[in-house]
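Coordinate inspection notes
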Amino acid sequence: MTLTADRKLALRERFLKVDTANVADVLDELGLPDCGLSSDLWPIKARLEKMGGWAYTIRGQMTPYPGTGDPKKMEAVSGLTPGHLSVWSGGGAEGVCFFGELIARGMQYRGCVGAVVDGGIRDIEWLDRMDFPVYTRYRTPVQSIGRWEVNAWQVEIYLPGATSARVRVRPDDFILADVDGAILIPHEVVEDVLTRAEALTEKERSIRADLEAGATLPEVLAKYGHV
């Protein structure tokens, strides 16, 4: 089922109210245990605000080329729309940045809500001031022009995984990130995962209330089961 733009934005707002830990537990229950992204992808803020959005994939590779820019990168990011989260693949720890403040401003203007980068970024202080959340592999002042070039976008890509060597990311899969890390929700199960994660969130609120009211852990387990 194809989701409308309004439906996607509504689902995104709901996702921002649940934790990645609960989403991970739900994915385990559904037999999808390898959706967590590697902890090598770290947030540029010491305490990241909740980040979530619909994957807009951009792929590149290390390759020397002439010129003073990367027109394919400009073309790729021009397709971003509100609610998209840009996902960058191509090279991992290769030593160059995939984007910095100015291109991020253009992305944010188009409604992009953040980025996951299997590579490098720069201008971190300015990105922080912009309130543009990013998970990245590394930081570097070295630009990509003449070194790393976009070769495709909105195609299937792979990112390093938490429990597997790699995680497949497709356009319109959903990515949620918080202080615990980042996780992917395949688009086929996104609504089911969200509904279950919301129910688990409510269950945990009840458990906290019972514990604060004096209930013991055995009593809580007997009442609510494993959490």
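Quick note: structure is the one above.
Description of the structure in this document. (Residues numbered from 1 in each chain as written. Predicted model: local features only at pLDDT ≥ 70, side-chain atom pairs only at ≥ 80, totals over all residues. Heavy atoms only, no water.)

**Concerning the nonpolar core**
- Trp 88, Phe 99, Met 107, Val 117, Ile 121, Phe 132 and Val 134 are the most contacted members of the largest nonpolar core, which totals 24 residues.
- Contributions of two or more residues to this core are made by β2 (51-62), α3 (71-77), β4 (97-99), α4 (101-109), β5 (115-121), α5 (124-130) and β7 (148-153). (Core = buried A, V, L, I, M, F, W, Y, C linked by side-chain atoms within 4.5 Å. Buried < 20%, exposed > 50% of the residue type's maximum accessible area, 1.4 Å probe, protein only. Helix = DSSP H or I, 4+ residues; strand = E, 2+ residues; numbered from the N terminus.)

**Digging into the packing of aromatic side chains**
- As enumerated under the stated definition, the model contains five aromatic pairs in all.
- For the ring pair Trp 88 and Phe 99, a centre distance of 5.3 Å and an interplane angle of 35 degrees mean the geometry is tilted. Of this pair, Trp 88 sits in strand β3 (residues 84-89) while Phe 99 is found in strand β4, placing the two residues 11 residues apart along the sequence. Taken as a pair, Trp 88 and Phe 99 share a single burial class, namely buried.
- Aromatic pair Trp 88 and Trp 148: ring centres 6.5 Å apart, planes at 40 degrees, arrangement tilted. Of this pair, Trp 88 sits in strand β3 while Trp 148 sits in strand β7, and the two are 60 residues apart along the sequence.
- Judged by its relative accessible area of 0%, Trp 88 falls in the buried class.
- Connected via pairs of aromatic rings, a cluster forms that spans Trp 88, Phe 98, Phe 99 and Trp 148.
- For the cation-ring pair, Lys 8 lies above Trp 54, with the distance from its terminal atom to the ring centre recorded as 5.8 Å.
- Above the face of the Tyr 158 ring, Arg 166 is positioned so that its terminal group lies 3.9 Å from the ring centre. (Phe/Tyr/Trp six-rings, centres within 6.5 Å; stacked < 30°, edge-to-face > 60°. Lys NZ or Arg CZ within 6 Å of the ring centre and 35° of its normal.)

**A closer look at the environment of Gly 67**
- On the secondary structure map, Gly 67 appears in the loop between β2 and α3.
- With relative accessibility at 53%, the residue Gly 67 sits in the exposed group.
- Sequence spacing of Gly 67 and Ile 145 is 78 residues, and the spatial spacing of their C-alpha atoms is 7.8 Å.

**Quick look at the environment of Leu 30**
- Position of Leu 30 among the secondary structure elements: in the loop between α2 (20-29) and β1 (42-43).
- On the basis of relative accessibility, which here comes to 28%, the residue Leu 30 falls in the partly exposed class.
- Remark: the alpha-carbon pair of Leu 30 and Val 193, spanning 163 residues in sequence, is separated by 8.5 Å.
- If we skip the residues at most four places from it in the chain, Leu 30 touches Asp 192, Val 193 and Arg 196. (Contact = heavy atoms within 4.5 Å.)

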